[in-house]
Amino acid sequence: MPAADPPMGKVPAYMRIYSDLHMKMKSNRYPVGTFLPTEPELEKLYGVSRTTIRRAIALLSQQGFVRVTQGRGTEVIKPMPYRRFANVKSISTAFSSPEAEVSAANLSQINIDLIPAKKEVANALDRVPGSMLYRLQRLVRLLDGRPVALLVNLIPSDLVPNFQSYANTFTDLYSFLSETYGIEYLSSQEHITAKAATILESNALNVEVGSPLLYCIRVAQCNHGPMEYAYSTYVPDLHSIVINMDVRDYALV
């Protein structure tokens, strides 16, 4: 069994394997109701480690294409009917009143620095702990000057060389990454929860320490693999989350 994965370009091996298996499922090479090859067989087929195979399978499972059952294997499945109504197109923001609008003019200057990745962030970005990340920090204010959100984006430095020199030259991060570095956003997972304001957040957002805040974590994928770990903190009485969905068949098409 290989101890490590061979180089496969800039796209991580598990993403290449995920795409290949997904394509074979769509073409009925592995039809619904059949089982994928075993992990040892997939290791031999792709020449990668067991960990890489499991990451690819985990991604297929998260997206509802397979079901992993101990003792049986990895079964290709048809997504459950509820997924027809759970195809999220975007997650955006809404504010408390028509007067509480936000535009590019309400974004503070983008502060960019380099920091080492903590374990949780490194794992999410498929990097080793301590790898260098570019950190973007912005404060969003309403038209009346009230702070409403603190935005932080963490991007692996190897994806965006010399990124610090572009501070305050853009407002739309994803468009900038596409135009400047050829990084194309593919998908993301968003976790939305609540938290109590820390001293830093209290000072930035002008709220009391311990006040409830809306807290969002996003891990985004691009054509080169994991591209971003972002966390955003919002004042809840000034802000809400809007989830846009469409009604379409979530089958293997």
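Starting from 1, residues in each chain are numbered consecutively following that chain's sequence as written. Since the coordinates come from a predicted model, pLDDT governs what is reported: local features require at least 70, and pairs of side-chain atoms require 80 or more to be given and counted, while whole-chain, interface and lining totals use all residues. Neither water nor hydrogens contribute to the side-chain values; these are computed over all heavy atoms in the structure.

Enquirer: Account for the overall build of the protein, with residues named and values stated.
Expert: Helix numbering and strand numbering both begin at the N terminus, where a helix is a DSSP run of H or I of at least 4 residues and a strand a DSSP run of E of at least 2. What the protein contains, in helices and strands, is 6 helices and 10 strands. Burial status across the protein gives 40% buried among its 253 residues. By definition, residues are in contact when any of their heavy atoms lie within 4.5 Å. Considering only contacts within the protein whose residues lie at least 6 apart along the sequence, 62% involve residues at least 24 apart. The cut-offs for exposure are 20% and 50% of the maximum accessible area for each residue type, with area from a 1.4 Å probe on protein chains only; residues under the lower value are buried, those over the upper are exposed, and the others partly exposed.

Enquirer: Describe the packing of aromatic side chains, naming the residues involved and giving the relevant values.
Expert: Note on ring pairs: Phe, Tyr and Trp rings are taken, using the six-membered ring of Trp, and paired if centres are within 6.5 Å. Classes follow the plane angle, with under 30 degrees stacked, over 60 edge-to-face and the rest tilted. All told, the structure shown has 10 aromatic pairs when counted by the stated rule. Taking 5.1 Å as the distance between ring centres and 65° as the angle between the ring planes, the aromatic pair formed by Tyr166 and Phe176 counts as edge-to-face. Residue Tyr166 is found in the loop between β6 (147-156) and α5 (173-181), and its partner Phe176 is found in helix α5; the two are separated by 10 residues along the sequence. When the ring of Phe176 is compared with that of Tyr181, the centres are 6.2 Å apart and the planes differ by 75°; the resulting orientation is edge-to-face. Taken as a pair, Phe176 and Tyr181 share a single burial class, namely buried. Above the ring of Tyr14, the side-chain terminus of Arg55 is found at 4.1 Å from the ring centroid. A positively charged side chain is recorded as over a ring if its NZ (Lys) or CZ (Arg) lies within 6 Å of the ring centre. The angle to the ring normal must also be within 35 degrees.

Enquirer: An account of α5 is needed here, citing residue identities and associated values.
Expert: When α5 is considered as a whole, its buried residues turn out to be Leu173, Phe176, Leu177 and Tyr181. Seen from one end, α5 has its buried residues packed into an arc of 100°, which puts them on one side. Looking at the buried side of α5, the elements it contacts are β5 (132-141), β6 and β9 (225-234). Where α5 starts, the residue carrying a side-chain oxygen 3.3 Å from the main-chain nitrogen of Tyr174 turns out to be Asp172. Positive backbone phi, at 70°, marks Gly182, one or two positions downstream of α5. Along the arc lie the directions from the helix axis toward the C-beta atoms. Whenever two N or O atoms come within 3.5 Å, that pair is a polar contact, provided that in protein one can donate a hydrogen and the other can accept it, and provided that, for residues adjacent in sequence, both atoms are side-chain atoms.

Enquirer: So what's going on with helix α2 (residues 39-46)? Which residues, and what values?
Expert: Every buried residue of α2 is accounted for by Leu42, Glu43 and Tyr46. For α2, the angular spread of the buried residues around the axis is 105°, confining them to a single face. Looking at the buried residues of α2, the elements they touch are α1 (13-26) and α3 (50-62). Of the residues trailing α2, Gly47 is marked for its positive phi of about 65°.

Enquirer: Please provide a residue-by-residue account of the sheet that holds β6, values included.
Expert: Strands are labelled as partners when DSSP assigns at least two bridges between them. Read from one edge of the open sheet, 6 strands run β4-β5-β6-β9-β8-β7, paired in antiparallel fashion. Among the strands making up the open sheet, the edge pair consists of β4 (111-116) and β7 (185-196). The mean angle between the axes of side-by-side strands here comes to 20°, regardless of whether they run parallel or antiparallel. Axis angles are defined between N-to-C directions and span 0 to 180 degrees, where every axis is a line fitted to C-alpha atoms and, for a helix, only to the segment in contact. The strands touched by α5 within the sheet are β5, β6, β7, β8 (212-222) and β9, with β9 carrying the most contacts at an inclination of about 160°.

Enquirer: Can you lay out the packing of α2 against α3 for me, pointing to particular residues and giving the numbers?
Expert: Packing of α2 against α3 brings their axes to within 9 Å, and their N-to-C directions diverge by 105°. Relative to α3, the element α2 is oriented roughly perpendicular. On the side of α2, the interface is formed by Glu39, Pro40, Leu42, Glu43 and Tyr46, while α3 contributes Arg50, Ile53, Arg54 and Ile57. Ten residues, namely Ala, Val, Leu, Ile, Met, Phe, Trp, Tyr, Cys and Pro, are considered nonpolar, four, namely Asp, Glu, Lys and Arg, are considered charged, and the remaining ones, Gly among them, are considered polar. Its residues assigned to classes, the contact of α2 with α3 shows 5 nonpolar, no polar and 4 charged. These descriptions rest on fixed angle ranges, namely under 35 degrees for roughly parallel, over 145 for roughly antiparallel, 65 to 115 for roughly perpendicular, and the rest for oblique.

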